[in-house]
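# Structural overview
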Amino acid sequence: MITLGIIGVIAALTLPSVVNSSQKREIKAKLEKNYSIAQQALQKLYYDEGMIKGGSYDGTTFEPKYVKYFNVLKDCGMSYCVSQSNHENDDGTVSKWYIENYKTYSRKRNVKTSMFDDGQFYTTDGSFYMIENPNLSASSGEKYVYISIDVNGAAKKPNAWGHDLFTFQVMDNGKLLPMGAPDTVYNNKQNYCSATSNSAINGVGCAYYALTDEDYFKNLP
């Protein structure tokens, strides 16, 4: 009986760690799978449309074309699949500012709605895609397309950027790169994939490290 008791105590102490490790391996596998699927869909879009630059699209045109190359469970279009919280602007108006479902990489605050508001859809395997097509340089007319993927779906935790939500950038050469990679917009790890940053977009640059650093998922905050 004493031996069984000791075994039970050891199991109770080690089981949470084993489960957590298994969940992280599963998320990494889903990340790699979704990256491949997202790339393939982009290549099919280019084949049909003849466009190879993120700047070829604006916020109202990319998602309706891109979503056609997925097995879609629900297409929310320009509306929102996930709930948001109100933010009062300086002029007294109210806008939808933070997505309530998602935290930043450091889990210190909710993420900004403006990074995910140009189209959202669920796929049949449970993944959740959110599109952003910002014009970051109005003077030069430079545009980008960001594709953020919750690899285990909006209904499953941890729902945090860099934990199960990862962002990719459509490059002007037609490639889809994990955000944080050299030449992507948010490639400063200290600001955009930091355990201490309080930025509302902290985590946007984590996808590159999640895919290239073998110890990444062991050291999540």
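Every chain is numbered independently, its residues counted from 1 as its sequence is written. Restriction of local features to residues with pLDDT of at least 70 applies here, the model being predicted, together with a cutoff of 80 or more for giving and counting side-chain atom pairs; totals for whole chains, interfaces and linings are based on all residues. Hydrogens and water are ignored here; the side-chain numbers use all heavy atoms of the structure.

### Some thoughts on the pairing of strand β8 (residues 165-170)
The test is simple: Whether a residue is buried, partly exposed or exposed follows from its accessible area with a 1.4 Å probe, protein chains only, as a fraction of its type maximum: under 20%, in between, or over 50%, in that order. Helix and strand definitions here come from DSSP, where helices need a minimum of 4 consecutive H or I residues and strands a minimum of 2 consecutive E residues; each element is numbered from the N-terminal end. For two strands to pair, DSSP has to find at least two bridges joining them.
Among the six residues that make up β8, six are buried, leaving the element largely enclosed by the rest of the structure. When strand β7 (residues 145-150) meets β8, the two strands line up antiparallel, connected through six bridges. If you follow isoleucine 149 over to β8, its bridge partner there is phenylalanine 166. The pairing of β8 with strand β9 (residues 176-178) spans three bridges and is antiparallel. Within β9, the position partnered with glutamine 169 by the bridge is leucine 177. Once β8 ends, the chain turns through five residues before running back antiparallel as β9, passing glycine 174 with a positive phi of about 90°.

### Some remarks on the packing of aromatic side chains
To describe a pair of aromatic rings, you give the distance between the ring centres and the angle between the ring planes. Selection rule: For Phe, Tyr and Trp, rings pair up if their centres lie within 6.5 Å, where Trp contributes its six-membered ring, and each pair is then called stacked (planes under 30 degrees apart), edge-to-face (over 60) or tilted (otherwise). The criterion for a charge sitting over a ring is simple: Lys NZ or Arg CZ within 6 Å of the ring centre, and within 35 degrees of the ring normal.
On inspection of all chains with the given rule, the structure shows 15 aromatic pairs. Here phenylalanine 121 and tyrosine 129 contribute two aromatic rings whose centre-to-centre distance is 5.0 Å and whose plane-to-plane angle is 10°, an arrangement assigned as stacked. The same class applies to phenylalanine 121 and to tyrosine 129, which are both buried. Here the aromatic cluster, defined as three or more aromatic residues joined through ring pairs, consists of Phe62, Tyr66, Phe70, Phe121 and Tyr129. Its end group placed over the ring of tyrosine 209, lysine 189 keeps NZ or CZ at 4.6 Å from the ring centre.

### With respect to the state of the cysteines
Put simply, the test is: The criterion for a disulfide is a pair of cysteine sulfur atoms lying within 2.5 Å.
By the definition in use, this model includes one disulfide. One disulfide in the model links cysteine 193 with cysteine 206; its S-S distance is 2.1 Å. For the disulfide bridge between cysteine 193 and cysteine 206, the dihedral angle about the S-S bond is near 110°, and by the sign convention the bridge is right-handed. Taken together, the residues span a long stretch of sequence, with cysteine 193 in the loop between α3 (189-192) and α4 (207-212) and cysteine 206 in the loop between α3 and α4 at a distance of 13 residues. One exposure class covers both cysteine 193 and cysteine 206, and it is buried.

### Re the sheet that holds strand β5 (residues 120-123)
Using the following cut-off: As a rule, the C-alpha atoms of each element are fitted with a line to give its axis, helices using only the stretch in contact, and angles between N-to-C directions run from 0 to 180 degrees.
One open sheet holds the six strands; their spatial order is β1-β5-β6-β7-β8-β9, and the pairing between them is antiparallel. Strands with a single pairing partner mark the edges of an open sheet, and in this sheet they are β1 (72-77) and β9. With direction set aside, neighbouring strand axes in the sheet form an average angle of 25°. Judged from the five bridges that link them, strand β6 (residues 128-132) and β7 form a sheet pairing that is antiparallel. The residue bridging glutamate 132 from the neighbouring strand is tyrosine 146, located in β7.

### Some remarks on the nonpolar core
Our working rule: Buried Ala, Val, Leu, Ile, Met, Phe, Trp, Tyr and Cys residues form a nonpolar core when they are joined through side-chain atoms within 4.5 Å. A contact between two residues is defined here by any heavy atoms of the two lying within 4.5 Å.
Phe62, Tyr66, Ile147, Phe166 and Tyr216 are the most contacted members of the largest nonpolar core, which has 33 residues in total. Where this core is concerned, the elements lending two or more residues are α1 (2-49), α2 (62-66), β6, β7, β8 and α4. No other element matches the eight residues that α1 contributes to this core. Excluding its chain neighbours within four sequence positions, the residues that come into contact with isoleucine 147 are Phe62, Tyr66, Tyr129, Met130, Ile131, Phe166, Thr167, Phe168, Val170 and Leu176. The next biggest cluster of nonpolar side chains, apart from the first, holds 19 residues, and it includes Cys76, Tyr102, Phe128 and Met130.

### What to know about the pattern of salt bridges
What counts, and what does not: Between Lys or Arg on one side and Asp or Glu on the other, a salt bridge is scored when a side-chain nitrogen of the former is within 4 Å of a carboxyl oxygen of the latter.
The final tally for this structure, using the stated rule, is four salt bridges. Among the ionic pairs, lysine 218 bridges to aspartate 215, the shortest N-O distance being 3.5 Å.

These values are about where atoms sit, not about what they do.
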